[in-house]
Amino acid sequence: MTNTVRYRTRGRIAIISLDNPPVNALGFQTRAGLRNCYRQALADETVDAILLTSEGRLFCGGADIAEFGTDLTWRDPALPQLCDELEDSGKPLIAAIGGMALGGGLELALACDYRICDASARLGLPEVHLGLLPGAGGTQRLPRLANVGLALDMITSGQPIGATEAASSGLVDRVAEGDLLAAALAFAQELLDSDAPVRSCADLTVDMGQLPERYFNDFRAGIARKTRGYFAPECCIQAIEAACELPLAQGLEKERELFNACLDTPQARAQQHLFFAERAANRVPGVDPKTPARSIRQVAIVGAGTMGGGIAMNFANAGIPVKLLELKEDALARGLAQIRGNYEISAARGRLTERQVQERMTLLQGTLDYDDLADADLVIEAVFESLEVKRAVFEKLDQVCKPGAILASNTSTLDLDRIASFTRRPGDVIGLHFFSPANVMRLLEIVRGRQTADDVIVTALNVARTIRKVPVVVGVCFGFVGNRMLEPYAREAHRLLLEGATPAQIDRVLTDFGLAMGPLSMYDLAGIDVGFMVRESRRDAIGHDPSYNLIADRLYALGRYGQKTGRGFYIYEGRDKREDPELLALAQTIAGELGIERREISDREVLERCIYMLINEGAQILDEGIACRSGDCDLVWVNGYGFPAWRGGPLQYADEIGLEPVLEAIRHYRESLGSYGEMWFRPSPLLERLVAEGKRFSC
Ligand code: 3H9
């Protein structure tokens, strides 16, 4: 017995409880403790049945992810062997599941003879989010106990199901009403009274009769877009196919083979890096996490444009009342209509009921009067990106808002400390930078000003959790983390056009690398006019390079703003886009004007110049302390800019390929690109230091 597993008896029933806070992860010690308790119960003649349950708020969060990559994962008893041993119990073994049963936690339960859960239970196999498949029998037992369709959905999506669905699919035998332990003991007694048999998945086969022809291939095709670039989903499907074709023991062997094929891969490391990075992002150096947060019951948004409306929807979706302020009646009406339109689209797609649409709209109240914001606990400004416009808003907010209200700006580039200085309460001012569309994108950059109070930061982190965003706390600089890293990446994409690459080549190279969208398509979508305005405010920082995004400036002058005008880097017809010969000619003309030699550009050069410059800027940001951890930069780019999660983010990618080749390539371009190279290809001192010390970004 160890202190992470408890053993006790009630009459002739043994109760084994996982007690390994915070999530009862199945590390080596817990597995060993569980096996000892189980063997003790089997050996004890006074015990007729065994309950496997847990202390704490959840049943089990699965294998201990921190053990992956160490020999502890396979130290006896490894989780698959432990599950196999439970399967052969000889005495009725009942899993009593309270709260979450995830991954290896659910696999333990599947190996038991019977399962009972409470009404709030959530059962899932989320290994695919870690670049893995369930490796302790989940792919073999789930389709046998429930059905193939449910197994495919749960295992390839990683999404958990609730108690009702678990019961109706046969995954659990009973849902407890009231106290779980009492119900589980009663269930165990019932089983004993009725001489219920021990059961084994080995006796079950998957019913293939109901499956249409090409079932698995159709399923593959159905998820192909979502799983583009990922390795694990295909392994999940192959393991479930094996469950349909092979006896349990052989299916388990196949599962182990596939699990091992995933375990030690860059993708698994990348996805696990993101798992821990998301959790670490909630810890802000210098801020005590126990600092009491302010309570946020009423929110207000200034500006009912697309961004303001999207931000407002996040709060309405979380059941928090929102006031939406605009200066003019028609702008307010347009903003509210756009929100309603978005909800109606969700309803038409079956994601919301009409009633939910109504409920959310009722939480949104439009106003033209700043005085109506007096009772707001949090006000988020989402107005035009100009310091003067923001000054007017913050001066007004300072007058009308109650003491203790948090005043947030959604600025994406401006100096938050300047914005805070427009008020008499800079400690209450913070940046909450949402990404468009704000009701969809998961990222929230929380910008910590020089004077932002600790409890305001802690509150912002809580707010992010409430509205289901991934928060990353960043410092003040132009563009914070995301847009600052975007700058060199995009600069290279624009410059490569002048040197001889085409938009289609550049976008293809980066989407093949895994980005959701190529940089030039992204600028067409975001608006060439928007990029131009940002550059206008930064001419002092970029003016020394006459080629700096010049092609985009020319497109702006031609009124070619991208998708919204039907022409930008591409020509658009509806959603289709095609290459524009005029753009190619324009690139040639500009190159001629600036004396840039045009040549054939290799795909490798496109990739290295864009991605390595992105990495280099990330390093610089880390060195300046704008981001606290490399994982923070990675979270920003994965959740806000479509960087492939299976690569773990730009800095994790650099760690994976090695920092030395990155540094070498930057030095190479510094020399080979002449004065342009000298201007921009400066290795970050942090990158140089890490290479010299043989270290990586993530410690
Ligand atoms: C698996 O099971 C493989 C098997 O099929 C085969 C094996 C051979 N391990 O998220 P929270 C830590 S793979 C280690 O903030 P919540 C987490 O890092 C596993 N640590 O809590 C954090 O630490 P810190 C499949 C873990 O209440 C703390 O616990 N399972 C694990 O918001 C609190 O976490 C999964 O993928 C773990 N498994 O959410 C489930 N889980 O405080 C992964 C958590 O130092 N876990 N930690 O930052 C989750 O999804 C959520 O943690 C959970 C609780 C929903 C359980």
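Residues numbered from 1 in each chain as written. Predicted model: local features only at pLDDT ≥ 70, side-chain atom pairs only at ≥ 80, totals over all residues.

Draft legend 1. Structural context of the overall build of the protein. Tallying secondary structure elements over the protein gives 30 helices and 19 strands in all. Expected size for 699 residues packed as a compact globule is a radius of gyration near 27 Å; at 28 Å, the protein falls within 12% of this value. Pairs at least 24 residues apart make up 73% of the contacts formed inside the protein by residues separated by at least 6 positions. (Helix = DSSP H or I, 4+ residues; strand = E, 2+ residues; numbered from the N terminus. Rg over C-alpha atoms; globule rule 2.2 N^0.38 Å. Contact = placed C-beta atoms within 7 Å.)

Draft legend 2. Spatial organisation of the site of the ligand. Taken together, 25 residues form the shell around the ligand, and within it Gly61, Gly62, Ala63, Gly103 and Gly104 come nearest. Put simply, the parts of the chain that give the shell around the ligand at least two residues each are α2 (79–87), β5 (100–102), α3 (104–111) and α11 (266–280). Split into classes, the residues belonging to the shell around the ligand amount to 15 nonpolar, six polar and four charged. (Near = placed C-beta within 6 Å. Nonpolar A, V, L, I, M, F, W, Y, C, P; charged D, E, K, R; others polar.)

Draft legend 3. Structural context of the sheet that holds strand β4 (residues 93–97). Ordered in space as β1-β2-β3-β4-β6-β9, the six strands form an open sheet in which the pairing is mixed. At either end of the open sheet lies a strand with only one pairing partner, and these are β1 (5–10) and β9 (174–176). For this sheet, the mean angle separating the axes of adjacent strands, direction not counted, is 25 degrees. With three bridges joining them, strand β3 (residues 49–54) and β4 adopt parallel strand pairing. Note on β4: the bridge partner recorded for Leu51 is Ile94. (Pairing = 2+ DSSP bridges. Axes fitted to C-alpha atoms, helices over the stretch in contact; angles between N-to-C directions.)

Draft legend 4. Expanded view of the pairing of β3. For β3, the buried fraction is high: six of the six residues fall into the buried class. The side-chain alternation of β3 yields two buried faces, one formed by Ala49, Leu51 and Thr53 and the other by Ile50, Leu52 and Ser54. The β-α-β motif built from strand β2 (residues 13–18), the intervening helix α1 (residues 28–43) and the parallel element β3 has right-handed crossover chirality. For the segment spanning β3, α2 and β4, crossover handedness is right-handed. (Buried ≥ 20, exposed ≤ 12 C-beta atoms within 10 Å, placed from the backbone. Right-handed = clockwise from strand over helix to strand, strands pointing away.)

Draft legend 5. Structural detail: helix α12 (residues 306–317). In a regular helix each residue adds 1.5 Å, so 12 residues correspond to 16 Å; α12 covers 16 Å between its end C-alpha atoms and thus fits that length. Counting buried residues along α12, 10 of its 12 residues qualify, which places the element largely inside the surrounding structure. Along α12, the residues classified as buried are Met307, Gly308, Gly309, Gly310, Ile311, Ala312, Met313, Asn314, Phe315 and Ala316. The first or second residue beyond α12 is Gly319, which carries a positive phi of 80 degrees. (Expected span 1.5 Å × (residues − 1).)

Draft legend 6. Just the sheet that holds strand β8 (residues 161–162), in detail. With mixed pairing, the three strands of this open sheet are ordered in space as β5-β7-β8. The two strands at the open ends of the sheet, each matched to only one other strand, are β5 and β8. As defined by bridge partners, strand β7 (residues 122–124) adjoins β8 across two bridges and the pair is classed as antiparallel. Residue pairing across strands places Leu123 opposite Ile161, the latter belonging to β8. Along the sheet, α3 contacts β5 and β7; its crossing angle with β5, the most-contacted strand, is approximately 90 degrees.

Draft legend 7. Spotlight on the nonpolar core. Ile16, Leu51, Ile94, Leu133, Ile301, Val379 and Ile446 are the most contacted members of the largest nonpolar core, which totals 219 residues. When residues of this core are assigned to their parent elements, the largest contribution, 10 residues, is made by helix α25 (residues 603–623). Beyond its immediate sequence surroundings of up to four residues, Val379 is in contact with Ala300, Val302, Leu373, Leu397, Cys401, Ala405, Leu407 and Ala408. (Core = buried A, V, L, I, M, F, W, Y, C linked by C-beta atoms within 7 Å.)

Draft legend 8. Quick look at the pairing of strand β13 (residues 378–381). By the alternation rule, side chains of β13 split into Leu378 and Ile380 and Val379 and Glu381, which are all buried. Here β13 pairs with strand β14 (residues 406–409) via four bridges, running parallel. From the neighbouring strand, Glu381 faces β14, where its bridge partner is Ser409. The handedness of the β13 to β14 crossover, carried by helix α15 (residues 387–400), is right-handed.

Draft legend 9. Structural context of the UniProt feature "domain: 3-hydroxyacyl-CoA dehydrogenase C-terminal" (unreviewed entry) in the protein. Residues annotated in UniProt with the feature "domain: 3-hydroxyacyl-CoA dehydrogenase C-terminal" (unreviewed entry) correspond here to residues 479–572 and 606–695. Spanning residues 479–572, this segment combines 62% helix with 3% strand, and its end C-alpha atoms are found 29 Å apart. With 74% helix and 0% strand, residues 606–695 has end C-alpha atoms that lie 26 Å from one another. (UniProt positions renumbered as here; feature names shortened; annotations may be inferred.)

Draft legend 10. Geometry of the environment of Lys91. Relative to the elements of secondary structure, Lys91 occurs in the loop between α2 and β4. Remark: the alpha-carbon pair of Lys91 and Gly366, spanning 275 residues in sequence, is separated by 64 Å. When near neighbours in sequence (up to four residues on either side) are disregarded, Lys91 contacts Leu42, Val47, Asp48, Ala49, Ile50 and Val198.

Draft legend 11. Quick look at the UniProt feature "domain: 3-hydroxyacyl-CoA dehydrogenase NAD binding" (unreviewed entry) in the protein. Residues given the UniProt feature "domain: 3-hydroxyacyl-CoA dehydrogenase NAD binding" (unreviewed entry) here are residues 298–475. End C-alpha to end C-alpha, residues 298–475 measures 27 Å, and it is 42% helix and 20% strand.

Draft legend 12. Quick look at the packing of helix α21 (residues 528–536) against helix α23 (residues 550–557). At a minimum axis distance of 9 Å, the contact between α21 and α23 shows a crossing angle of 120 degrees. Accordingly, the angle class assigned to the pair α21 and α23 is oblique. Two packed elements cross with a definite hand, and for α21 against α23 that hand is left-handed. Packed against α21, whose contacting residues are Ile528, Asp529, Gly531 and Phe532, the element α23 presents Ala552, Asp553, Leu555 and Tyr556 at the interface. A per-class count over the contact of α21 with α23 returns five nonpolar, one polar and two charged. (Parallel < 35°, antiparallel > 145°, perpendicular 65-115°, else oblique. Left-handed = near helix turned anticlockwise from the far one by under 90°.)

Draft legend 13. Broad picture of the confidence of the model for the protein. Scored by pLDDT, the protein has a mean of 96; 100% of the residues are at 70 or more. Listed scores for the predicted complex are pTM 0.96 and ipTM 0.99. (pLDDT = per-residue confidence, 0-100.)

Draft legend 14. Just unusual backbone geometry, in detail. A cis amide bond links Asp76 with the next residue in sequence, Pro77, at an omega value of 0 degrees. With respect to the element layout, Pro77 can be found in the loop between β3 and α2. Unlike most non-glycine residues, Asn549 shows phi in positive territory, near 45 degrees. With respect to the element layout, Asn549 can be found in the loop between α22 (539–542) and α23.

Draft legend 15. Representation of the environment of Gly229 within the structure. Summarising the element assignment, Gly229 is placed in the loop between α8 (215–223) and α9 (232–245). Remark: the alpha-carbon pair of Gly229 and Lys91, spanning 138 residues in sequence, is separated by 45 Å.

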